[in-house]
Amino acid sequence: MHEQTAKIYHVDGREHLGTAWLVAEDYALTAWHCVAGTAGANGAADRVRFRLVFDSGATALAVVHEYCPRIDAALLSLLDNKVPTNGALLFGTVPAEVRLQARPASYGRWDSYGYPSGRPQGMGIGGTVRLAEMAHTSDIQLTCDEGGFDRLDGMSGAWVRHQGYIVGIVRAAPESYREKVILATSMRAIQQALPTVGRIVERQFNDAVETVAPNLLMAHCSQQGGLVNRTDAGEHSRLLGRKLALLELNDLMAAGTQVLTLTGPAGAGKTRLALALGEVAGAPWGTAYYTDLGAGLEAPDALAEVAAVLGLREAHGQMLEESTAVEIGERAVLLIIRGAAQLALARDAFERLQRACPKLRIVATGEQPLGWPGERVYAVPPLAVPPSAATLDELARSPVLRLFEDRVRMVQPKFRLDAANARTAAQLCARLDGLPLAIELVAGLAAELLGPAPDDEQLWDVQAALRKLGALPPEQRLDAVIALAAAHLDRDTRLLLCRLAAFVGTFTLEAAEAIAGDKCGPPCDVAAKVQALANRYLITCVQRGQGRAGYRLQSAVRGHGRRCLVETEQLASVQREHARYYAQLAGKTDRRQMLLSSHELREWLELLELEHDNLRAAVAWPGSTDPAIGEPGVHIVGNLFWFWNLRGSLAEGRQWVDEMLRAEPADKEAHALALYCRGGLAFLQGDYPAARADLERSAHLWKVLDNERRLGFTLVILGMVALHQNRIEEAMRHELASIALFNATDERAGLALAQNDLANVLLERRDFDEADALYRKSLDLWQQLGNRWGMGLTTANRGHLACLRGRHDDAGMWLLDAMQLQKGGRYQWGFAQSIKFLAFVMLAQGNLCTAASLFYDSLVLHNRLGRRQLVADCLDGLAEVAMKLDEPLPAAHLFGAADTIRAQCGVFLPRPWKDTREARLATLRTGALVQHAPEAFEHALQLGQRMDLATAVRTAAAYALRVSGAG
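Each value, and the rule that gives it
Residues numbered from 1 in each chain as written. Predicted model: local features only at pLDDT ≥ 70, side-chain atom pairs only at ≥ 80, totals over all residues. Heavy atoms only, no water. Helix = DSSP H or I, 4+ residues; strand = E, 2+ residues; numbered from the N terminus. Buried < 20%, exposed > 50% of the residue type's maximum accessible area, 1.4 Å probe, protein only. Contact = heavy atoms within 4.5 Å. Areas by Shrake-Rupley, 256 points an atom, 1.4 Å probe, with all protein chains shown as cover. Salt bridge = Lys/Arg side-chain N within 4 Å of Asp/Glu carboxyl O. Pairing = 2+ DSSP bridges. Axes fitted to C-alpha atoms, helices over the stretch in contact; angles between N-to-C directions. Parallel < 35°, antiparallel > 145°, perpendicular 65-115°, else oblique. Left-handed = near helix turned anticlockwise from the far one by under 90°. Nonpolar A, V, L, I, M, F, W, Y, C, P; charged D, E, K, R; others polar. Core = buried A, V, L, I, M, F, W, Y, C linked by side-chain atoms within 4.5 Å. pLDDT = per-residue confidence, 0-100. Phe/Tyr/Trp six-rings, centres within 6.5 Å; stacked < 30°, edge-to-face > 60°. Lys NZ or Arg CZ within 6 Å of the ring centre and 35° of its normal. Expected span 1.5 Å × (residues − 1).

Peer 1: What exactly am I supposed to notice about the overall build of the protein here?
Peer 2: A count of helical and extended segments in the protein gives 43 helices and 21 strands. For the protein, the residues scored as buried account for 58% of the 967 residues in total. In the protein, 69% of the contacts between residues at least 6 apart in sequence involve partners at least 24 apart. Total accessible area computed for the protein in this model is approximately 38400 Å², and 50% of it derives from carbon and sulfur atoms.

Peer 1: Just to check I follow, could you spell out the pattern of salt bridges for this structure?
Peer 2: A side chain with one charge may pair with a side chain of the opposite charge, provided their charged atoms come close. Counted by the stated rule, this structure contains 23 salt bridges. The residue Arg-678 makes a salt bridge to Asp-694 at a minimum N-O spacing of 2.8 Å. Here Asp-694 lies in helix α29 (residues 688-705) and Arg-678 lies in helix α28 (residues 668-685), a separation of 16 residues in the sequence. Each of the salt bridges in this network shares a partner with another, and the network as a whole consists of Arg-692, Glu-696, Arg-727 and Glu-730.

Peer 1: Whenever I open this one, the sheet that holds strand β21 (residues 549-553) confuses me. Can you help?
Peer 2: Sheets are built from strands paired through backbone hydrogen bonds, the pairs being either parallel or antiparallel. The 3 strands are arranged β19-β21-β20 in an open sheet whose pairing can be described as antiparallel. In this open sheet, the two strands that pair with only one neighbour each are β19 (506-507) and β20 (539-543).

Peer 1: Would you mind going over the packing of helix α24 (residues 612-620) against helix α27 (residues 650-660) with me for this structure?
Peer 2: Helix-helix packing: each pair is described by the crossing angle between the helix axes and the interaxial distance. Viewed as axis vectors pointing N to C, α24 and α27 meet at an angle of 25°, and their least axial separation amounts to 11 Å. Between α24 and α27, the crossing angle belongs to the class labelled roughly parallel. In terms of crossing hand, the pair formed by α24 and α27 is left-handed. Along the contact surface, α24 presents His-612, Leu-615, Arg-616 and Val-619, while α27 presents Glu-652, Trp-656 and Met-660. Considering only residue class, the contact of α24 with α27 consists of 4 nonpolar, 1 polar and 2 charged.

Peer 1: Is there a simple way to think about the nonpolar core in this case?
Peer 2: In globular proteins that are soluble, nonpolar side chains generally tend to be buried together. In this structure, Phe-404, Leu-500, Leu-538, Tyr-582, Leu-640, Trp-644 and Tyr-676 are the most contacted members of the largest nonpolar core, which totals 144 residues. Broken down by element, this core gets its largest block of residues, 11 residues, from α28. Ignoring any residue separated from it by four or fewer positions in sequence, one finds Tyr-676 in contact with Phe-641, Trp-642, Leu-695, Ser-698, Trp-702, Phe-713, Thr-714 and Ile-717. With 55 residues, the next largest nonpolar core counts Ala-851, Ala-879, Ile-901 and Val-963 among its residues.

Peer 1: Explain the packing of helix α32 (residues 748-764) against helix α34 (residues 788-804) to me, please; I cannot follow it from the model alone.
Peer 2: Between α32 and α34, the least distance of the axes is 11 Å, while the angle of their chain directions is 15°. Judged by the angle between their axes, α32 and α34 are roughly parallel. Considering how the two elements wind past one another, α32 and α34 form a crossing that is left-handed. Along its contact with α32, which presents Leu-753, Asn-756, Asn-760 and Leu-763, the element α34 presents Trp-789, Leu-793, Thr-794, Asn-797, His-800, Leu-801 and Leu-804. Considering only residue class, the contact of α32 with α34 consists of 6 nonpolar, 5 polar and no charged.

Peer 1: Can you help me understand the confidence of the model for the protein in this one?
Peer 2: Caution applies to low-pLDDT regions: their predicted coordinates should not be interpreted in detail. Averaged over every residue, the pLDDT of the protein is 76; the share at 70 or more is 74%. Note on residues 173-179: pLDDT is under 50 here. Beyond four places in sequence and across chains, it has 6 contacts. Here residues 206-226 scores under 50 on pLDDT; set against residues more than four positions off or in separate chains, the count is 57 contacts.

Peer 1: Explain the sheet that holds strand β5 (residues 59-68) to me, please; I cannot follow it from the model alone.
Peer 2: Strands sit in the order β1-β2-β3-β6-β5-β4 around a closed barrel of 6 strands; the barrel is antiparallel. Pairs of neighbouring strands in the sheet enclose a mean axial angle of 40°, with direction left out of account. As judged from the 3 bridges shared by strand β2 (residues 16-24) and strand β3 (residues 27-30), these two strands associate in the antiparallel manner. Each residue of the ladder has a partner; that of Ala-24, found in β3, is Tyr-27.

Peer 1: Explain the pairing of strand β6 (residues 73-78) to me, please; I cannot follow it from the model alone.
Peer 2: In summary, the side chains of a regular strand alternate between the two faces of the sheet. The element β6 is extensively covered by neighbouring structure, given that 6 of its 6 residues are classed as buried. Note: β3 against β6, 4 bridges, orientation antiparallel. Paired with Ala-28 across the strands is Leu-76, a residue of β6. Sheet topology places β5 next to β6; 6 bridges connect them, and they run antiparallel. Looking across to β6, one finds that Cys-68 is bridged to Ala-73. Count of turn residues in the β5/β6 antiparallel hairpin: 4 residues, of which Asp-72 carries a positive phi of about 55°.

Peer 1: Help me understand the packing of aromatic side chains in this model?
Peer 2: The description of an aromatic ring pair rests on the distance of the ring centres and on the angle between the ring planes. Summed over all chains, the structure comprises 14 aromatic pairs. Ring centres 4.2 Å apart and planes at 15° place the aromatic pair Trp-32 and Tyr-67 in the stacked group. With Trp-32 in helix α1 (residues 32-39) and Tyr-67 in strand β5, this pair connects stretches of sequence that are 35 residues apart. For Tyr-67, a relative accessible area of 29% puts it in the partly exposed group. Aromatic side chains Phe-503 and Phe-507 sit 4.5 Å apart centroid to centroid with 15° between the ring planes, which places their arrangement in the stacked category. Accessibility classification places Phe-503 together with Phe-507 in one group, the buried group. Of the aromatic side chains, those joined through ring pairs into one cluster are Phe-503, Phe-507, Tyr-551, Tyr-581 and Tyr-582. The cationic tip of Arg-51 hangs over the ring face of Tyr-9; the distance from NZ or CZ to the ring centre is 4.8 Å.

Peer 1: For this particular structure, what's the right way to read helix α37 (residues 848-865)?
Peer 2: Owing to its 3.6 residues per turn, the α-helix aligns residues three or four sequence positions apart on the same side. Between its first and last C-alpha, α37 extends 25 Å over 18 residues, near the 26 Å set by a 1.5 Å rise per residue. Extensive coverage of α37 is indicated by the burial of 17 of its 18 residues. The first or second residue beyond α37 is Gly-866, which carries a positive phi of 75°.

Peer 1: Where do I start with the environment of Ala-651 in this structure?
Peer 2: Residue placement: Ala-651 occurs in helix α27. Along the chain, Ala-651 and Leu-681 lie 30 residues apart, while their C-alpha atoms are 7.8 Å from each other.

This is the structure we're talking about:
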């Protein structure tokens, strides 16, 4: 979308006064000081004319229509040559997350595209929201990116965008430039001060939702550039000796290659080269996603792993294929997959996926090709070794020796290849067949064994240890090099290397210390030992998000370590320590779960996301339910309810808990926690009978254990189960009891949640005033806690309440605020619920195309998250769209499918909703179109009732796309 900006000139002069931007076909917004000098004291009364030159090339004359010096804002009225807007605008506010903070910090990005003409579109300045307070002042204070203050000429009046919303305009504050702070005026203040702007924004509200929102709703799962990792690919040092290979791969991709396999021996650098291809800036193959099918302990489901990196975790089988195809759609996506052997097993599924997604490309790495039709194979050879007769200059330019020198110098910075050692180093690399990983390992060994100025004799001593490699088959040489590198470690460091093989993916130093225990020497020495392993290139240093340091083992090194553990019969004991550590980690994070501020909550979610593979490995370990070691697996799953809830991984979580509860745990607290988790996940999936059974058992155990806090959280969900089963009075009892427990235990987050849910119960009873009062109390508590998830939840519910009261404009603003709080991928189900509520607002206003588009977005998200009962709500909404369009047969299909889904979930509509729905069906049956063919209508209703979930979702999605015009 391209909001049109313009340079402002006095009609009789050439002086550039500032920047304006179009808010409607006949109005433009700017900073008051840009026009105040020539407009005079009365502004609009003087009717001073200005000339606007838009970036599209259009020109227009304008006068000041409204202004407010206090907030430095002015609205210009275009007199002629009206310039059409190219897409609707989406206005918003800086969210609470970036409001005034006690300590200076950066809390969000901003950008402004108000350059004078001559600058390419999208080349505005940007920076970070540093301090902002939207409630009681018009100011937004912004810091600027490096060099941005040198480019501020002409920026006054330009718009400021934050997270996709226009939130203000840049205003004059030259005294603040010395402090490198830009001041902007908030759109909320502008709307309040300039009545015409307020009316424009209100008028554009429907257009904004219809034109912009459907595209922005899925933005959090359709990133537009960069490499997206699921299993961390590691931070590799410089890629040496592969420039020509990278150019050749670029040529292959530019030629339209759909499936490319990089083959070669282990350690040749195939995956590293593929990742470099994915990081090519501006590549036409779009966003690159990476996943490692060989990182886990078991053979993975290739399609499920790829779906996970795209953010899809809940669908299975055919639905997984369809959801993945819908997620990719027409986007340009590059999948980089390490593990061609595992990928080859899923050939049929990926061929269907590529047929459905014409811009999808796959780059696989492995020792053998995939063997798929149309596959292009690129053999990644070892680095070329210079001939024995090479001159010193030729040796110095050799990529293999540059790699050797580069890796040694990372540990020994003074190391240099010279006439005394270059030829011997070349012979050493030749014995390693030019394999980059083997060279790195030997370089690390050399750096440890040799001084800062090694001579030829010392290098010969290293080479002598490698001479036996020539007698080994090529496929065994890399493992022999790993064994050689490990053999030169001291006993404790060698044992630590083997024990680190228990980790899947990345791990932290703290985790390494826990795994080492007292078996690898004093705990204080673990950090030094880990650094020694990194110096030898046996482990890789990585960044694990938020600037945290981490480590990972090369796949070949992990395999060597696991073989050592098996041979020494230590594997079971190491896995036990691994499971215990992650049980403690899960318990530590769960105890803080709902008290976290938004910033802390994101860090907590990110931490568990990074540890996901290790958590899964700990739960999958056969001994994880052994009472003799404390049943660590049961503790892990019980403590991950809020992680799975906020992450949207309901089916995955429930499957994990089912595995842990095959036998009744001996630990009553762990048992109660696991039942609470499984019951909560079943509730979120709409499986209310199962949820009720587990939660009642959990509540009984919490009473026995006298744990009031846990009992309160369990009763909150039990109340919601009762509400969805139309047991209103029972729901009231549970929610009131939970409020009493939370007050007694001073659990503020639980109290905010219980007040929100009690308001939901009152909503079903049509006690709107009492519900609104409770929502306000809940929202106040969430704001005091700084909990973005809770604020989004209750704000969306207030929007739903406003819609039920017929206050549709208020409802729309509440819901857009909720979506602003929820977007970004961390709170997916709340985001999907807000979209659904907004769709009903559009439906009530008669905006059927927008309603259908929003119902489609909500349907796709809820289906991905496994929220079946909310899928049924979307089907009902689309059925009402069909009714208003006089299309009774699609309405019958959708109503019937919704009935079946609710019956499968055990959902009972509350009496008011049930009566309304039956009245709509009766209206359909008595309509003129149905009266001509009543049998066809009843048949359509029965067909809908016989649909399975996948068919219902496909049918509803196709109808929504047709109505919205996107199909």
